[in-house]
Every structure is written in structure tokens, then in C-alpha cells.
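Structural features, examined
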Amino acid sequence: MTSETTIRVCREFFSTFGIPSVFVSNNGPQFTSAEFAEFLKMSGVVHKLSAPYHPATNGQAERLIQTMKCKLKSMDCNESDLHSELYNILLSYRKMIHPTTEHSPAQMVFGHQLRSRLDLMIPSDDPKDSVVQGKVRELTVGSRVSARNYDHSTIWEFGVIKERLGKSYYLVQLDDGRVWRRHIDQLRAVVVEEQYSSQEILFPIHKTHQNLPLLYLLLYQLATLLETDHQAYKRTKVYVVQQGSSEIHRNWTFDSTE
């Protein structure tokens, strides 16, 4: 291993765990080179070398090497599975409580215990695992929605919720048969009122709006209706009547699909 390779590995380690204050190593040429010494100096790290031919000076590192050697010798696996088994060993070692510190290596470094497959057997009391923090908007299966369209033809397409895939992830079946996957932020609930089920819809005009053009009021009401669901109606007769009177002032017929 050259000094350049050692520096590259140290940079990766420092970017993950932070720059240490003290770096302890043996007297290998990659550690005693001027290039490595300059690297540690620029990083503000104090470099301490162990005594020559006395590995016990760096006893913690040597102890870890012996532990890893024993684990590797006890493994019964193919060469292709060597890395997978090595990662399992490292996970177990970093999760195990150390008798001297009374904390696992992971707790000493990260401040929390690592999660392993053994934790699946223990019920969790952490409310974060079962309760979603904050209020999340929800949609029920079968409810009518408009889904965001990204093919630049129309902004919204109408359909129904077919399945809930996650906390905020839904499967939407459109009116034309297509099936989309959309996040809750890409969906809008569509309120279909019973009064819209009839083909004849009355738009009352309040007396304070009598001086406004009837066509303007009609277009406003139609825009509100079609924004709710423009595919739910084929041809609709619309009557505009004055509030409190049965007299019909205007009678329009329009095609909502146009």
C-alpha cells in the first residue's frame, strides 16, 4: 500500500466520521513518508508512531486484527461469499457491547445502537416506528381524484384510487383505463355532489348580482363545475333563474366534453 492509497482511504474515512485529533499507526513506509506527514499536518492531526518491533504499543488495533483473523478462520463459506460473511462479522462486532466501555463501538461513534435482524424479534416501543410524525393527508380506495399529468397534454386526469401502496403512495385508475402511480402531493380529491348527478342544473343568481351579465355568471359557475369533474357529464342543460322566482331567464345547452 502506497502513501497515495493510504491518504485516499483516510480522506474517505475522515469524510464519514470526521477528522480525528490523534492518528496512531505503526512504522510502515506509507505512514512515515513526507507526503503522509504533510497530509496529517494540513488536517490538524497529531501523528503518533508505535515503538519499532513492539506491536503492543498500538494494542487496540492489534487486538482488533487478532479478532478478525479468528473470525475469518472460523468461517465455513465459499470464496464468493467471503465479503458477505465479513460484513456480517463487522456488523456483529460493532453492535456488541464492549466490557470496558460498556457501550458498543457503534454507540461510541454514532451515539446510537445499530439495527440488526435480531431487532426484528423485539417489539419496538419507539413511537416513531408506528406513528407518522405530523398530519398526513389520506385518500380512501375508490374515492374520485384528479391526478397530475406530465405528458404536456392536460394538467390533470380524472380517475379513482385503486390501491394504496404506501403512506403517501397510491395507484390510480384513470377514466380511460390507464393506471398511474402517484404521490399524495400529485393527487387532488374530487368532490362529486349529488345535485350534479342530474342533467338539469340550476344556478341561482343572488339579487346583489342581478346587474352583472348573465353570461359572465354562467361561465363562472360552469368553470367551477368542470374543474370538479369534466368527464362526469355528457350533455347538460343549464337554467339560470333569479333567486326567489320561478321565472326562467336563460336556457343554455352545452357539451361538457368539448
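Summarised in this report is the structure supplied together with it. (Residues numbered from 1 in each chain as written. Predicted model: local features only at pLDDT ≥ 70, side-chain atom pairs only at ≥ 80, totals over all residues. Heavy atoms only, no water.)

A closer look at the environment of G177
Our working rule: Secondary structure elements follow DSSP: runs of H or I no shorter than four residues count as helices, runs of E no shorter than two count as strands, and numbering proceeds from the N terminus. Think of it in three bands: residues with accessible area under 20% of the maximum for their type are buried, residues over 50% are exposed, and the middle band is partly exposed, with areas taken using a 1.4 Å probe on protein chains only.
With respect to the secondary-structure elements, G177 resides in the loop between β5 (169-174) and β6 (179-183). Overall, G177 belongs to the partly exposed group, its relative accessible area being 44%. Spatially, the C-alpha atoms of G177 and G159 are 8.7 Å apart, while their sequence positions differ by 18 residues.

Quick notes on the environment of K162
Condition: Note on contacts: a residue pair is in contact if any heavy atoms of the two residues lie within 4.5 Å.
On the secondary structure map, K162 appears in strand β4 (residues 156-164). For the pair K162 and R144, spaced 18 residues apart in the sequence, the C-alpha separation amounts to 9.8 Å. Setting aside residues no more than four positions away along its own chain, K162 makes contact with V141, L171, V172, Q173 and V179.

Looking at the sheet that holds β5
How we decide: When DSSP locates at least two bridges between a pair of strands, those strands are taken to pair. Orientation is described by lines fitted to C-alpha atoms, with helices fitted over the stretch in contact, and by angles between N-to-C directions that extend from 0 to 180 degrees.
Pairing is antiparallel in the open sheet, where 5 strands are placed in the order β6-β5-β4-β3-β7. Whereas interior strands pair on both sides, the edge strands pair on one side only; in this sheet they are β6 and β7 (187-189). Within this sheet the neighbouring strands show an average axis-to-axis angle of 45°, counted without direction. In this structure, strand β3 (residues 144-148) lies alongside β7, joined through 3 bridges in antiparallel fashion. Bridge assignment links V145 to a residue of β7, and that residue is A189.

Focus: unusual backbone geometry
The residue E102 is not glycine, and still its phi comes out positive at about 60°. Following the sequence through the fold, E102 ends up in the loop between α5 (82-95) and α6 (105-110). What makes E102 exposed here is its relative accessible area of 60%.

Some remarks on the packing of aromatic side chains
Which entries qualify depends on this criterion: Stacked, edge-to-face and tilted labels apply to pairs of Phe, Tyr and Trp rings (six-membered ring for Trp) whose centres lie within 6.5 Å, assigned for plane angles under 30 degrees, over 60, and everything in between, in that order. Sitting over a ring, as applied to charges here, requires NZ of Lys or CZ of Arg to be within 6 Å of the ring centre and within 35 degrees of the ring normal.
The full count for this structure, using the stated rule, is 8 aromatic pairs. Centroid distance F36 to F39: 6.1 Å. Interplanar angle 40°. Geometry classified as tilted. Of this pair, F36 and F39 are both found in helix α3 (residues 34-42), 3 residues apart, which corresponds to roughly one turn of the helix. Residue F36 shares its accessibility class with F39, and that shared class is buried. Members of the aromatic cluster, each reached through a chain of ring pairs, are F13, F14, F17, F23, F31, F36, F39 and F110. Positioned above the aromatic ring of Y150, the side-chain terminus of R148 is 5.0 Å from the ring centre.

A short note on the side chain of S3
Structurally, S3 is set in helix α1 (residues 3-17). Given the relative accessible area of 11%, S3 is considered buried. Each residue touching S3, except ones within four places of it in the same chain, is listed here: P29, Q30, S33 and E35.

Structural notes on the pairing of β6
The two faces of β6 differ: W180 and R182 on one face are buried, but V179, R181 and H183 on the other face are not. In this structure, β5 lies alongside β6, joined through 5 bridges in antiparallel fashion. Pairing of Q173 across the sheet is with V179, part of β6. Taking the residues that link successive antiparallel strands as the turn, the β5-β6 hairpin has 4 residues, and the phi of G177 there is positive, at about 100°.

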